[in-house]
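Chains, contacts and geometry: an overview
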Amino acid sequence: MKRFLILSALAAAALATSACVTVIDANGSDDLAWHGENAQPFDQARADCRASTGKGQHSDAFRGCMAGKGWTRS
């Protein structure tokens, strides 16, 4: 019974953290503040949003595009 409780706790912890992503290997300091949950890959989402909005990371249009891909900026 004790083994089952430990295994259940470990599985719950792994599941709770598996959907959260934080960009920690980003190239620039602007990339460090993005967090995603069930998000598209960061580099691809960033490239798509730059191309579709023609704006930088500090614009509302860019942030809205990234939010649509699962990324938010803190």
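Remember, predicted model here, so these are calculated numbers, not experimental data.

So, on to helix α3 (residues 60-68). Regarding α3, the residues found buried are Phe-62, Cys-65 and Met-66. Viewed along the axis of α3, the buried residues span an arc of 100 degrees, placing them on a single side of the element. Exposed residues on α3 whose side chains face more than 90 degrees from its buried face are Asp-60 and Gly-68. Where α3 is buried, its residues touch β2 (34-37), α2 (42-53) and β3 (71-73). One or two steps after α3, the chain reaches Gly-70, where phi turns positive at roughly 100 degrees.

On to unusual backbone geometry, then. The phi angle at Asn-38 is positive, at roughly 55 degrees, despite the residue not being glycine. The residue Asn-38 is located in the loop between β2 and α2 in this model.

Turning our attention to the nonpolar core. Nonpolar side chains tend toward joint burial in soluble globular proteins. Membership of the largest hydrophobic core is limited to eight residues, which are Trp-34, Phe-42, Ala-45, Cys-49, Phe-62, Cys-65, Met-66 and Trp-71. Elements with a minimum of two residues in this core: α2 and α3.

At a minimum axis distance of 9 Å, the contact between α2 and α3 shows a crossing angle of 140 degrees. As the angle between them shows, α2 and α3 are arranged oblique. Between α2 and α3 lies a crossing whose hand is right-handed. Here α2 contributes Phe-42, Ala-45, Arg-46, Cys-49, Arg-50, Ser-52 and Thr-53 to the contact with α3, which in turn contributes Ala-61, Phe-62, Cys-65 and Met-66. Tallied by class, residues from the contact of α2 with α3 come to seven nonpolar, two polar and two charged.

This part covers α2. Between the first and last C-alpha of α2 there are 16 Å, a value that for 12 residues agrees with the 16 Å anticipated at 1.5 Å per step. Looking only at α2, the buried set comprises Phe-42, Ala-45, Arg-46 and Cys-49. With its buried residues spanning 100 degrees around the axis, α2 presents them on a single face. What points out from α2, more than 90 degrees from its buried face, is the exposed set Asp-43, Ala-51 and Ser-52. For α2, the elements touching its buried residues are β2, α3 and β3.

This brings us to the packing of aromatic side chains. Scanning the model with the defined rule gives two aromatic pairs in all. Between the aromatic rings of Trp-34 and Phe-62, the centroid separation amounts to 6.0 Å while the plane-to-plane angle is 65 degrees, which identifies the pairing as edge-to-face. Highlighted residues: Trp-34 in strand β2 and Phe-62 in helix α3, separated in sequence by 28 residues. Each member of the pair, Trp-34 as well as Phe-62, carries the same accessibility label: buried. Judged by centre distance (5.1 Å) and plane angle (75 degrees), the rings of Phe-42 and Trp-71 are edge-to-face. You can see Phe-42 sitting in helix α2 and its partner Trp-71 sitting in strand β3, a full 29 residues away along the chain.

About the cut-offs
Residues numbered from 1 in each chain as written. Predicted model: local features only at pLDDT ≥ 70, side-chain atom pairs only at ≥ 80, totals over all residues. Heavy atoms only, no water. Buried < 20%, exposed > 50% of the residue type's maximum accessible area, 1.4 Å probe, protein only. Helix = DSSP H or I, 4+ residues; strand = E, 2+ residues; numbered from the N terminus. Arc of directions from axis to C-beta. Contact = heavy atoms within 4.5 Å. Core = buried A, V, L, I, M, F, W, Y, C linked by side-chain atoms within 4.5 Å. Axes fitted to C-alpha atoms, helices over the stretch in contact; angles between N-to-C directions. Parallel < 35°, antiparallel > 145°, perpendicular 65-115°, else oblique. Left-handed = near helix turned anticlockwise from the far one by under 90°. Nonpolar A, V, L, I, M, F, W, Y, C, P; charged D, E, K, R; others polar. Expected span 1.5 Å × (residues − 1). Phe/Tyr/Trp six-rings, centres within 6.5 Å; stacked < 30°, edge-to-face > 60°.

Any functional reading would require information that these geometric values do not contain.
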